[in-house]
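Here is how the chains run, residue by residue.
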Amino acid sequence: MKSGKELFLDGLNQLEIDFSEKQISQFLHYYEMLIETNKVMNLTAITEFDEVIVKHFLDSLLVVKDFDLKNVDSLIDVGTGAGFPGIPIKIMFPHIRVVLLDSLNKRLKFLNQVIEKLQLEDISTVHGRAEDLAKQKEYREGFDLCVSRAVANLSTLSEYCIPFMKKNGMFISYKSSTSEEEIESASKAINVLGGKILSIKEIHLPCSDVERVFVDITKVKNTPGKYPRKAGLPSKEPIK
């Protein structure tokens, strides 16, 4: 039976990601900090080493099978929680400028400690709601790529995320599954917000029996100024 570290290396090889010992060490430190902090704060229900490796680390990095991150300069992770997928992406692709957005300050304090301990550069945390932040000049339409593992319907997520993307940028939603109905009901919102669904891909997560669905949305025109609507509305009343 493989150790957790061997499992991780095997998964990275399956994803065809080049890595250094330093990067593996950063992930191990990240795991230790996650588990230690999780004792006093609810960051994740998944705590077993092997499970964190697969369901958080490899899952965050699975996006490489969907999209080439080498040409991405800037990324925002909306609803980052315990730092997924933003921090694993940053560790493996240090050239990307990363912003981690979350509405809970204490989670961001944890992430700032991780950033400091792992000596990550050109990565910052921002406290707030996507609906408010996306109205601010420094964030609006300022990113090549927006990613989110947040659990919400695609229409709501699109209103949170598309305003952050530059024109011709990409929003990638990590889904556990997606129904034709969900895609259909989100298509109007995506169009209104300036986006267009490029692809929907089901990709196998290495070292597991999990199939992940990635919804890739490109931005074809600027988002109208009235979006996103005020905090709470995108989830209560998705655009239809």
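Values in this document were obtained by computation on a predicted structure and should not be read as measured data.

> Break down the packing of helix H1 (residues 4–14) against helix H3 (residues 49–61) for me, with residues and values.
Running from N to C, H1 and H3 point in directions that differ by 20 degrees, and their axes come no closer than 9 Å. Classed by the angle they form, the pair H1 and H3 counts as roughly parallel. The hand of the H1/H3 crossing is right-handed. Note on element contacts: H3 touches H1 through Phe49, Asp50, Ile53, Val54, Phe57, Leu58 and Leu61, opposite Gly4, Lys5, Leu7, Phe8, Gly11 and Leu12.

> Go over the sheet that holds strand S2 (residues 97–102) with me, naming the residues and quoting the values.
Spatial ordering of the open sheet is given by S3-S2-S1-S4-S5-S7-S6, a layout of seven strands whose pairing is mixed. Both outer strands of the open sheet, strand S3 (123–127) and strand S6 (195–204), are each paired with one neighbouring strand and no more. Direction aside, the axes of adjacent strands within the sheet are offset by 20 degrees on average. Alignment of strand S1 (residues 74–78) against strand S4 (residues 143–148), held across three bridges, turns out to be parallel. When the sheet's bridge partners are listed, Asp77 is paired in S4 with Val147. Across the sheet, helix H5 (residues 105–117) is in contact with S2 and S3; its angle to S3 comes to roughly 170 degrees. This element, helix H8 (residues 180–192), spans strand S5 (165–175), S6 and strand S7 (211–219) of the sheet and lies at about 145 degrees to S6.

Here is what the cut-offs are and how they apply
- Residues numbered from 1 in each chain as written.
- Predicted model: local features only at pLDDT ≥ 70, side-chain atom pairs only at ≥ 80, totals over all residues.
- Heavy atoms only, no water.
- Axes fitted to C-alpha atoms, helices over the stretch in contact; angles between N-to-C directions.
- Helix = DSSP H or I, 4+ residues; strand = E, 2+ residues; numbered from the N terminus.
- Parallel < 35°, antiparallel > 145°, perpendicular 65-115°, else oblique.
- Left-handed = near helix turned anticlockwise from the far one by under 90°.
- Contact = heavy atoms within 4.5 Å.
- Pairing = 2+ DSSP bridges.

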